[in-house]
Amino acid sequence: MEKHMAVCPYCGAGCKLNLLVENGRVVGAEGLNGVTNEGELCLKGMSGYDFINDTKILTPRILHPMIRRRKGAELERVSWDEALDFTAKHLMEIKAKYGPDSIMLTGSSRGPGNEANYVMQKFTRACVGTNNIDNCARTCHGPSVIGLIDAVGSGAMSVSIPNMENADCVFLFGYNPSASHPIVARRIVKAKEKGAKIIVADPRLIETARIADIYMPIKNGCNLAFMNAFANVIINEGLEDRDFIEAHTVGYDEWWETIKKYTPESVQDITGIDPETFRKAVRMYATSPNSIIGWGMGVTQQRQGVKTVHQIAAVACIANQIGRDAAGLAPVRGQNNVQGSCDMGMWPTLYPGYQKVDDPAIRAKFAKSWGVPEEKLSLEPGFKLTDLPHGVKEGKIHAFYNFGEDPLQTEPDSADMKETLQNCDFVISQDIFMTQTTAYADVVFPGTSWGEHDGVFSASDRTFQRFTAAVPPKGECKHDWQIFSELSTRMGYPMHYENTKEIWDEVRENCPSFYGATYEKMEGVGHAQWPIPTLECPGTPTLFKGGKFNKPDGKARLIAADFVVPTELPDDEYPLVLCTVREVGHYSCRSMTGNCKVLSLLADEPGFVNINPADAEARGIAQDDLVFVKSRRGKVITRANLNERINKGAVYMTYQWWIGKCNQLTMHVTDPLSGTPEDKHSACQVEQIEDQVWAERYAQKLYTDMKDWLAGEASAQDVAPTEALV
Ligand SMILES: Nc1nc2c(c(=O)[nH]1)N[C@H]1C(S)=C(S)[C@@H](COP(=O)(O)OP(=O)(O)OC[C@H]3O[C@@H](n4cnc5c(=O)[nH]c(N)nc54)[C@H](O)[C@@H]3O)O[C@H]1N2
Ligand SMILES: Nc1nc2c(c(=O)[nH]1)N[C@H]1C(S)=C(S)[C@@H](COP(=O)(O)OP(=O)(O)OC[C@H]3O[C@@H](n4cnc5c(=O)[nH]c(N)nc54)[C@H](O)[C@@H]3O)O[C@H]1N2
Ligand code: SF4
Ligand SMILES: [Mo]
């Protein structure tokens, strides 16, 4: 049996593992002693590898390039030459007619790795000539990146995953690690075992709430009022560090003008938390020697995501709970390489290494490195991923290049997204599976899978780690970076790389804070944590040591804003809050976990709506009944899971399910400061279905139809191109 070193392709915990290979098939995985996982794996790391083998449990892998000769025509398998020529011609025509900014691209935060993303953004900027490049961080921790850059100058975790177990107090605010990052959750359990205090504020009684010293069952959508009051108590009880505020922050007086209004009493109706418990929690956080705040989608997928992040950073600064190994900020990034997509400049305002696109000196540097005239590189910020629907409607976007994402499953308001894909003149999808988005594409490019290529991923805590190929590419799949290079060459900007190391070395040369992260350092279970500016630098586990923030004057900004209520509030017609979250066994659009034998056994369509038993009973709904959930955007069938841990008045769906698809129900309304959808809060109703026999058949039929549709689209690849076309 062969063993090949890799990094898990699911969440951002960055667990290192070996892929076990027999007769060219991946047959197992075993934990390696990586810096974040120390030999452990969760069930996805353990059992989430066999999708590589094209199990066809959910959908087939795509193994050959395909095109539609006209919008709406059948997909047709063609040679790579023809597919690339066809795509280059269409993109160049669109660019000539509508300008480079009419083409939008999105990078992949999953299997491809940093090198492929770097090459894609280089293609976007140097070849197409636009900054219209984004990635799923937009729907995710975008508000953390933006809010933290505003407040402390760096958008990443300030602490490291291994150090989380050394904190004296861990405060989880809208973050559910036991489902989302099980190996991070283990660190929190270990912290507890070592004596740390745990505080949880979440509307649901999440797993970590069970070991919490203080659990606050907050009301959905209250975050900014909650965080403002948290800051208020720190000051009013004299728990702040005046010297730190004086020496290392600016803006206190103006900040306090807003914060002084927010006593726990004044916001009790909004937060639902009694002032005494609230104050106890604040004291616990502020007076522990080293406290970490961990937050997730409960904070960011909200109307006031960025403003809440500003306030989290302010709380850490005024209490001087920042800049030490076990004290700081932990926005634990979701996808295995979403930190990497941001590192690689898959962001409409940033080049790789967080260098601003509107800075002429930075532009000059990249123009020189890439061998293009400076004017070719745009100084204008590009579109965000969530600008796609209105960009297409308003005739601003004419082509969409989708790389390793599935917006039709994962972006809000699927009906609107479907129209967007149908109305966009030219859609390219480069994936490893026939997903719903890929099924609407005019060009399908088959990339190699994780397990079939090499590269570097960035874990949530800024840790670069290498992963390697275990098996050869299947069918005609090409490495993602090769596809971009070949397309770019055909479009008049030649690119050629021999291997990922060559690309990575170019990244290092162009990004001062990554320069020391050589492939050699990342050999085996080695790693490199940025900032790592020199070859000698061992990496930087902790940011802001000594209160030095990444601002020109080295000081953090205290920024405050008033609370506003979520956009769509429950009413008589839609009386329940719809909150959309994740579950441990399945991952995002499910193309990968749904094709793994063990994981696919865990649960199946049409998924679940988790509801408090009292709310279910009031609607005549019993455990496991099929029900309809409806909102102003749509109506879906799913199964009721009655669950005491769910707060009354709210229901929770996970966004993995294709039939019980919550994004049919969510709305395309975003935080104006980040463009992040308000996935955590909209209004819905849950309806009992009288005829359960009919409902079971109906749900099964929808699922079979969906799988048949995708398999049908993929089956075009089984017909070899005719001689004339080769
Ligand atoms: N198994 C699995 N793991 C995953 C993923 C997956 O799909 N499957 N996805 C990955 C990705 S992309 C990401 S970004 C991470 C996300 O990981 P998390 O941030 O943990 O994501 P969620 O479970 O969506 O939301 C976190 C919590 O926010 C709470 N919440 C809801 N509304 C509010 C509110 O108003 N205020 C507060 N304070 N909390 C609220 C929810 O109850 C939930 O417990 O997980 C990653 N890990
Ligand atoms: N309602 C609701 N919606 C949500 C969320 C929510 O909480 N609620 N969470 C949001 C969040 S936080 C996120 S991050 C997004 C995630 O949204 P997406 O990024 O759209 O979801 P993924 O399933 O990660 O998509 C990865 C795609 O990449 C493909 N892929 C994997 N490896 C490779 C490779 O090596 N090469 C190529 N070419 N393709 C590959 C997979 O097959 C899959 O189709 O979803 C968002 N959507
Ligand atoms: S915790 Fe995340 S990275 Fe680690 S094995 Fe589980 S899914 Fe993979
Ligand atoms: Mo995410």
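In this text, all values refer to a predicted model and were calculated from it rather than measured experimentally. Counting of residues starts from 1 at the beginning of each chain's written sequence and follows it residue by residue. Ligands are numbered from 1 and chains lettered from A, in the order in which they are written. Residues qualify for local features only when their pLDDT is at least 70, as the model is predicted, and side-chain atom pairs are given and counted only at 80 or more; totals for whole chains, interfaces and linings, by contrast, use all residues. Think of the side-chain values as coming from all heavy atoms in the structure, minus any hydrogens and water.

A separate point is the packing of aromatic side chains. Stacked, tilted and edge-to-face are the three classes applied to pairs of Phe, Tyr and Trp rings, where Trp contributes its six-membered ring and a pair requires centres within 6.5 Å; stacked means planes under 30 degrees apart, edge-to-face means over 60, and tilted covers the rest. On inspection of all chains with the given rule, the structure shows 35 aromatic pairs. Their ring planes at 25 degrees and their centres at 6.0 Å tell us that phenylalanine 226 and phenylalanine 230 sit as a pair that is stacked. In this pair, phenylalanine 226 and phenylalanine 230 both sit in helix H7 (residues 223–236), four residues apart, roughly one turn of the helix. Here phenylalanine 226 and phenylalanine 230 have matching classes, each one buried. Aromatic pair phenylalanine 230 and tyrosine 285: ring centres 5.7 Å apart, planes at 65 degrees, arrangement edge-to-face. Of this pair, phenylalanine 230 sits in helix H7 while tyrosine 285 sits in helix H11 (residues 275–287); the two residues are 55 residues apart in sequence, bridging distant segments of the chain. Across the pair, exposure class does not vary: phenylalanine 230 and tyrosine 285 are buried alike. Site record: aromatic cluster; members linked through ring pairs are Trp80, Phe123, Tyr401, Phe403, Phe445 and Phe484. Positioned above the aromatic ring of tryptophan 658, the side-chain terminus of arginine 590 is 5.4 Å from the ring centre. Note on conventions: DSSP H or I runs of at least 4 residues are helices, E runs of at least 2 residues are strands, and numbering of each starts at the N terminus. Type-normalised accessible area, obtained with a 1.4 Å probe on protein chains alone, sets the label of each residue: buried when under 20%, exposed when over 50%, and partly exposed for intermediate values. Geometrically, a lysine NZ or arginine CZ counts as sitting over a ring once it is within 6 Å of the ring centre and also within 35 degrees of the ring normal.

It is worth spelling out the UniProt feature "domain: 4Fe-4S Mo/W bis-MGD-type" (unreviewed entry) in the protein chain at this point. UniProt positions are given in the numbering used here, feature names are shortened, and annotations may be inferred rather than shown by experiment. Within this numbering scheme, the UniProt entry marks residues 1–56 as carrying the feature "domain: 4Fe-4S Mo/W bis-MGD-type" (unreviewed entry). The straight-line gap between the two end C-alpha atoms of residues 1–56 is 24 Å; of that span, 9% is helix and 36% is strand.

Right, let's talk about the packing of H7 against helix H13 (residues 305–318) for a bit. Close contact between H7 and H13 brings their axes to 9 Å; oriented N to C, the two are set at 15 degrees. When the axes of H7 and H13 are compared, the pair comes out roughly parallel. Considering only the axes of H7 and H13, their crossing is left-handed. Where H7 abuts H13, its residues Asn223, Leu224, Met227, Asn228, Phe230, Ala231, Ile234 and Ile235 lie against Lys307, Thr308, Gln311, Ile312, Val315 and Ile318. In terms of residue class, the contact of H7 with H13 is made up of nine nonpolar, four polar and one charged. Note on method: axes are straight lines fitted to C-alpha atoms, helices fitted across the in-contact stretch only, with angles between N-to-C directions ranging 0 to 180 degrees. Orientation labels follow simple angle bins: below 35 degrees gives roughly parallel, above 145 gives roughly antiparallel, 65 to 115 gives roughly perpendicular, and whatever is left gives oblique. Helix crossings are classified by the rotation of the near helix relative to the far one: an anticlockwise turn of less than a right angle makes the crossing left-handed, while a clockwise turn makes it right-handed. The criterion used for residue contact is that any of the two residues' heavy atoms lie within 4.5 Å. Only Asp, Glu, Lys and Arg are considered charged, only Ala, Val, Leu, Ile, Met, Phe, Trp, Tyr, Cys and Pro nonpolar, and every remaining residue, Gly among them, polar.

The next subject is the site of ligand 1. In the vicinity of ligand 1 lie 37 residues, with Asp202, Asn223, Arg582, Glu583 and His586 positioned nearest. Whenever a nitrogen or oxygen atom comes within 3.5 Å of another N or O atom, the pair is scored as a polar contact, on the condition that within protein one atom can donate a hydrogen and the other can accept it, and that pairs from neighbouring residues in sequence are kept only if both atoms are in side chains. A distance of 2.6 Å separates an oxygen atom of ligand 1 from a polar atom in the side chain of aspartate 202. In this structure, an oxygen atom belonging to ligand 1 sits 2.7 Å away from a main-chain N or O atom of methionine 297. Per-element tally for the shell around ligand 1: the top contributor is strand E23 (residues 576–581), with three residues. For the shell around ligand 1, a count of residues per class yields 16 nonpolar, 15 polar and six charged. Built from parts of two domains, the shell around ligand 1 gets at least three residues from each of domain 3 (140–331 + 550–555) and domain 4 (574–714). The criterion for a residue being near a molecule or strand is simple. One of its heavy atoms has to lie within 4 Å of it. Residue ranges assigned to each domain were obtained from an automatic or database domain assignment.

With that out of the way, let us pick up the site of ligand 3. The full set of residues close to ligand 3 is Cys8, Tyr10, Cys11, Ala13, Gly14, Cys15, Leu41, Cys42, Lys44, Gly45, Pro182 and Ile183. Elements with a minimum of two residues in the shell around ligand 3: helix H1 (43–47) and helix H6 (182–193). Its residues assigned to classes, the shell around ligand 3 comprises nine nonpolar, two polar and one charged.

Moving on, we get to the environment of cysteine 42. By the element assignment, cysteine 42 lies in the loop between strand E3 (25–31) and H1. Since its relative accessible area comes to 17%, cysteine 42 is described here as buried. Placed 229 residues apart in sequence, cysteine 42 and threonine 271 show a C-alpha to C-alpha distance of 34 Å. With residues up to four places along the chain from it excluded, the contact list for cysteine 42 reads Pro182 and Ile183.

Take a negative patch on the surface next. Taken together, the side chains of Asp101, Asp358, Asp359 and Glu380 present a region of like negative charge at the surface. Within the element layout of this structure, aspartate 358 appears in the loop between strand E15 (355–356) and helix H15 (360–370). A residue is classified by how much of its surface remains accessible, and aspartate 358, at 47% relative accessible area, is partly exposed. In this analysis, a patch consists of residues with relative accessible area above 30% that form no salt bridge, clustered at 9 Å for like charges and at 5 Å for the nonpolar side chains Val, Leu, Ile, Met, Phe, Trp and Tyr. For accessible areas, the Shrake-Rupley method is used with a probe of radius 1.4 Å. Any residue's cover is judged against the shown protein chains and nothing else. In what follows, salt bridge is the name for a side-chain nitrogen of Lys or Arg lying within 4 Å of a carboxyl oxygen of Asp or Glu. All tallies of charge rest on Lys and Arg as positive and Asp and Glu as negative; His and the ends of each chain are not included. Charge positions are represented by NZ for Lys, CZ for Arg, CG for Asp and CD for Glu.

On to the pattern of salt bridges, then. Between side chains of opposite charge, a pair can form as their charged atoms come close. Throughout the structure, instances matching the rule amount to 42 salt bridges. One salt bridge in this structure joins arginine 590 and glutamate 605, with 2.3 Å as the shortest N-O distance. Separated by 15 residues along the polypeptide, arginine 590 in the loop between E23 and helix H21 (597–600) and glutamate 605 in the loop between H21 and strand E24 (608–611) bring together distant segments of the chain. Like arginine 590, the residue glutamate 605 is buried in the burial classification. As a salt-bridge pair, aspartate 705 and lysine 701 come within 2.7 Å of each other at their nearest N and O atoms.

This part covers the pairing of strand E6 (residues 103–106). What you see with E6 is no split at all: Ile103 and Leu105 on one side and Met104 and Thr106 on the other are buried throughout. Inspection of the sheet shows E6 paired to strand E16 (residues 399–403) by four bridges, in the parallel sense. Residue pairing for E16: leucine 105 is matched across the bridge by tyrosine 401. Pairing analysis gives two bridges linking E6 to strand E7 (residues 133–134), with the strands arranged parallel. Its bridge partner being in E7, threonine 106 is matched across the sheet by aspartate 134. Running through helix H3 (residues 114–128), the crossover from E6 to the neighbouring parallel element E7 is right-handed. Between any two strands, at least two bridges found by DSSP are needed for them to pair. Orient the strands so they point away from the viewer; a crossover is then right-handed if the path from the first strand over the helix to the second runs clockwise.

Our next topic: the nonpolar core. Residues Leu91, Phe123, Trp370, Tyr401, Phe445, Phe464 and Trp504 are the most contacted members of the largest nonpolar core, which totals 60 residues. Of all the elements, H3 adds the most residues to this core, at eight residues. Aside from chain neighbours lying at most four places away, what touches phenylalanine 123 is Leu91, Leu105, Val128, Tyr401, Phe484, Leu487, Ser488, Met491 and Met495. We define the nonpolar core as a collection of buried residues of types Ala, Val, Leu, Ile, Met, Phe, Trp, Tyr and Cys that are connected through side-chain atoms lying within 4.5 Å of one another. By size, the runner-up hydrophobic cluster in this structure holds 58 residues, among which are Phe171, Trp256, Ile293 and Ile312.

Every buried residue belonging to H15 is among Ile362, Arg363, Phe366, Ala367 and Trp370, and all of these are buried. For H15, the arc enclosing every buried residue in end-on projection is 135 degrees, short of the 170-degree limit, so these residues lie on one face. Residues of H15 that are exposed and point over 90 degrees away from its buried face: Pro360, Ala361 and Lys368. Check the buried side of H15 and you find it contacts H3, strand E14 (350–351), E15 and helix H20 (500–510). Looking at the residues trailing H15, positive phi occurs at glycine 371, about 65 degrees. Here the arc refers to the set of directions running from the helix axis out to each C-beta atom.

The linkage connecting tryptophan 530 with the following residue, proline 531, adopts the cis geometry, with an omega of 0 degrees. Inspection of the secondary structure puts proline 531 in the loop between strand E21 (528–529) and strand E22 (556–557). Across the junction of glutamate 605 and proline 606, the peptide omega takes the value 5 degrees, indicating a cis bond. Tracing the backbone shows proline 606 in the loop between H21 and E24. For aspartate 624, which is not glycine, the phi torsion reads 70 degrees and is therefore positive.

Turning our attention to the domain arrangement of the protein chain. Taken domain by domain, the protein chain holds domain 1 (1–51), domain 2 (64–137 + 336–527), domain 3 (140–331 + 550–555) and domain 4 (574–714). Each of domain 1 and domain 2 was reduced to a C-alpha centroid, and the two centroids are 26 Å apart. Residue-level contacts link 26 residues of domain 1 with 24 residues of domain 2. Summed over both partners, the accessible area lost on bringing two parts together, with a 1.4 Å probe, is the buried area. Between domain 1 and domain 2, roughly 1,900 Å² of surface is buried when both sides are summed, and carbon and sulfur atoms account for 64% of that area. Contact with domain 2 buries surface across domain 1, with Met5, Pro9 and Phe51 losing the most and accounting together for 30% of the total. Between domain 1 and domain 2 we count zero salt bridges in total.

What follows covers the sheet that holds strand E19 (residues 455–458). With antiparallel pairing, three strands are arranged side by side in an open sheet as E19-E20-E21. In this open sheet, the two strands that pair with only one neighbour each are E19 and E21. Strand direction decides the pairing type here: strand E20 (residues 463–467) and E21, joined by two bridges, are antiparallel. Paired with threonine 463 across the bridge in E21 is glutamine 529.

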